[in-house]
2 protein chains.
Amino acid sequence: MSDAPTAMPALPDFLCFAAYSTGHAFNRLYKPLLEAMGLTYPQYLVMVQLWAEDDQTVGALGGRLFLESNTLTPLIKRLEASGFVTRRRDPADERQVRVVLTAAGRALEAQAQSVPGCIFEATGLTLDEIQRLTRDLTTLRDRLLAGGT
Amino acid sequence: MSDAPTAMPALPDFLCFAAYSTGHAFNRLYKPLLEAMGLTYPQYLVMVQLWAEDDQTVGALGGRLFLESNTLTPLIKRLEASGFVTRRRDPADERQVRVVLTAAGRALEAQAQSVPGCIFEATGLTLDEIQRLTRDLTTLRDRLLAGGT
DNA sequence: CACGATTAAATCGTGTGCGATTTAACTAGC
DNA sequence: GCTAGTTAAATCGCACACGATTTAATCGTG
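Treat the numbers as computed from the prediction; the structure is a model and nothing was measured. (Residues numbered from 1 in each chain as written. Chains lettered and ligands numbered in written order. Predicted model: local features only at pLDDT ≥ 70, side-chain atom pairs only at ≥ 80, totals over all residues. Heavy atoms only, no water.)

Q: Could you give an account of unusual backbone geometry, naming the residues involved and the relevant values?
A: Keep in mind that most residues, glycine aside, have a negative phi and that most peptide bonds are trans. A positive phi angle, close to 65°, is found at Asp55 of chain A, a residue other than glycine. In this model, Phe66 of chain B sits at a positive phi of 60°, which is unusual for a non-glycine residue. Mapped onto the elements, Phe66 of chain B comes out in the loop between helix H3 (58-65) and helix H4 (69-81). (Helix = DSSP H or I, 4+ residues; strand = E, 2+ residues; numbered from the N terminus.)

What follows is the structure, encoded as C-alpha cells:
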C-alpha cells in the first residue's frame, strides 16, 4: 500500500474539494438552461429518469440518485406543483408512491434535447475523455459509498 | 470537434451526475469523522484554509472555495458560535471582515490530522491516481466556471 | 389469523448554496 | 471635499441534502 498523507494538504490538493467544486460548477452552468424550462438540477435528474422509464416509485428514483424520501418527497411535490408529474399510491402496495409524467412533463423532453449538447461544449473535453472521467468518478463514488457502511 | 450527443443519455452516462453523486458520497464519508470534531464539511474546508494561513477575509476564503458571502457569512458565524474563530472588521478597511482562529480552532488541527488518511484509504486509489483525478477535475471545473461567464 | 418485524414515504430540524437586494465603506473625478 | 460609482458583507427567500423520527402498509412466523 502507498503511504497515506501525513501533513494537512492544501485545499487545491483535496480530491474531495475537486469533486465538490466541480459539482457546484456544473450546477451553475445548468441553472440558466434549466431555469428556462422551470426545473432545478435535481429536478432535472428526476425528469431524465422518468423520460427513460415512466411510472417509477419514489424509492426506485432515489435508489439511482442516491437520495432518500426526505429529499425526494418535497422535490417531487414541487414537480407536481409545476405540473410535470402526478403522484399516486400504488394500489397493489399502498406504501409506495408512483410518479408519472403528465403531458407537460413528456413535452419537456423535447425542450431538454439541447441541454446535454450545451454542457458537452462547455466541458471542452472529447467524448472519450468524458467517458473515462465519468467511469473513474463512478468507480470512486461506489467505493466511497461502500466504505461508509 | 467531436459530435455532441443528440439523444438524451441515461443517467449513469452523465458526467455531471458522476461529479454530483461523488461529491455527496465524499460528504457522507466525511460526516462521521467531522461530526466528532464539531464541524460540517464546508466548515472543515474553511478551517483547512485558516490552518494554512490565519487571519483571512471572507472574500479571500470565498474566492478559493468558489462561495460568496451569502453562503459564507452564516457558516462562519456558526464557526464563531462553536468557538473556533472570531470575526472582526478590518480597521484599515471596515468593509472587510477578517476571520481569525481561536486557540480551540488551532487545537482542532491536531485532531484533524487523521482525517485525510481515513479518506485516502476509503478511495481505494493510489496517490498517483488521486493526483491525476484531482487535476482532471480541477481543469474541468475551471473550464465550466469560465464557460458560465 | 394474529402480531411483531420490516418496509416505504412523509415529516421535522439544521446546514448549506445561491440569486437578488441592501447596507456600509472606500475610491475617483471633478 | 463632494458625489457617483464600486466594492465587501450581510440579509432574505427558496430549494436541496440528510439524520432522526413518525406513520402507514405489508410480510413472516407460528
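Moving on from the model shown.
Q: Describe the interface of chain A and chain B, with residues and values.
A: Taken together, the contacts link 65 residues of chain A with 65 residues of chain B. One can count 0 salt bridges joining chain A with chain B. At the boundary of chain A with chain B, the tally comes to 12 residue pairs in polar contact (both at pLDDT 80 or more). For the side of chain A that touches chain B, the elements supplying multiple residues, two or more each, are helix H1 (15-35), helix H2 (41-52), helix H3 (58-65), helix H5 (103-112), helix H6 (115-123) and helix H7 (127-147) of chain A. A per-class count over the side of chain A that touches chain B returns 40 nonpolar, 15 polar and 10 charged. (Contact = heavy atoms within 4.5 Å. Salt bridge = Lys/Arg side-chain N within 4 Å of Asp/Glu carboxyl O. Polar contact = N/O pair within 3.5 Å; in protein donor to acceptor, adjacent residues only side chain to side chain. Nonpolar A, V, L, I, M, F, W, Y, C, P; charged D, E, K, R; others polar.)

Q: Lay out the pattern of salt bridges with the relevant residues and their values.
A: All told, the structure shown has 12 salt bridges over all chains when counted by the stated rule. Arg98 of chain B is the partner of Asp55 of chain B in a salt bridge, and the nearest nitrogen-oxygen pair spans 2.9 Å. Pair noted here: Asp55 of chain B is in the loop between helix H2 (41-52) and strand S1 (56-57) and Arg98 of chain B is in strand S3 (residues 93-101), with a separation of 43 residues, a long-range link. Judged by relative accessible area, which is 30%, Asp55 of chain B ranks as partly exposed. Between Arg87 of chain B and Glu80 of chain B there is a salt bridge, with the nearest N and O atoms lying 3.5 Å from each other. Glu80 of chain B gets classed as partly exposed once you look at its relative accessible area, which sits at 31%. A single salt-bridge network, built from bridges that share partners, covers Asp55, Asp90 and Arg98 of chain A. (Buried < 20%, exposed > 50% of the residue type's maximum accessible area, 1.4 Å probe, protein only.)

Q: Break down empty space enclosed by the protein for me, citing the residues and quoting the values.
A: Taken as a whole, this structure holds 1 cavity of 30 Å³ or more when the rule is applied. By volume, the largest cavity is sized at about 40 Å³. Around the largest cavity sit Leu65, Phe66, Leu67, Arg141 and Leu145 of chain A together with Tyr20, Ser21, His24, Ala25 and Arg28 of chain B, which together line it. Elements with a minimum of two residues in the lining of the largest cavity: H7 of chain A together with helix H1 (15-35) of chain B. Take the lining of the largest cavity: its biggest share by element is 5 residues, from H1 of chain B. When grouped by side-chain class, the residues that make up the lining of the largest cavity number 6 nonpolar, 2 polar and 2 charged. (1 Å grid on protein atoms, 1.4 Å probe; cavity = no way out; pocket = protein on both sides within 12 Å on 5 of 7 lines; lining within 4 Å. Points joined across faces, edges and corners; volume = space filled by probe spheres on them.)

Q: Before we move on, could you go through the relation of the copies chain A and chain B and cite the residues and values that matter?
A: Each of the two chain copies goes to the other by way of a rotation about an axis and a shift along it. Of the two same-sequence chains, chain A is brought onto chain B (RMSD 0.0 Å, axial shift 0.0 Å) by a rotation of 180°. Overall, the copies show the geometry of a two-fold rotation axis. Taking C-alpha positions as reference, the residue of chain A nearest the rotation axis is Ala19 of chain A, located at 2.9 Å. (Least-squares fit on C-alpha atoms with pLDDT ≥ 70 in both.)

Q: Any chance you could break down the protein's contact with DNA strand D for me, citing the residues and the numbers?
A: Looking at DNA strand D, there are 29 residues lining it, with Thr40 of chain A together with Tyr20, Arg28, Thr73 and Arg87 of chain B nearest. Counting only atoms of DNA strand D within 4 Å of the protein, the sugar-phosphate share comes to 73%. A distance of 2.9 Å separates a base nitrogen of DNA strand D from a polar atom in the side chain of Asn70 of chain A. The side chain of Ser69 of chain B places a nitrogen or oxygen atom 2.7 Å from a base nitrogen of DNA strand D. Mapped by element, the contributors of at least two residues to the surface near DNA strand D are H2, helix H4 (69-81) and strand S3 (93-101) of chain A together with H1, H3, H4, strand S2 (85-90) and S3 of chain B. Along the lines of polarity and charge, the residues of the surface near DNA strand D split into 8 nonpolar, 11 polar and 10 charged. (Near = heavy atom within 4 Å.)

Q: Tell me about the sheet that holds S3 of chain B, and name the residues and values.
A: Residues and elements named next belong to chain B. One open sheet holds the 3 strands; their spatial order is S1-S3-S2, and the pairing between them is antiparallel. Every other strand in the sheet has two partners, leaving S1 and S2 as the edge strands with one partner each. As paired strands, S2 and S3 are joined by 6 bridges and run antiparallel to one another. Each residue of the ladder has a partner; that of Arg89, found in S3, is Val97. Taken strand by strand, H2 contacts S1, S2 and S3, and its axis lies near 90° from that of S3. (Pairing = 2+ DSSP bridges. Axes fitted to C-alpha atoms, helices over the stretch in contact; angles between N-to-C directions.)

Everything listed here is a matter of geometry and, on its own, says nothing about what the molecule does.
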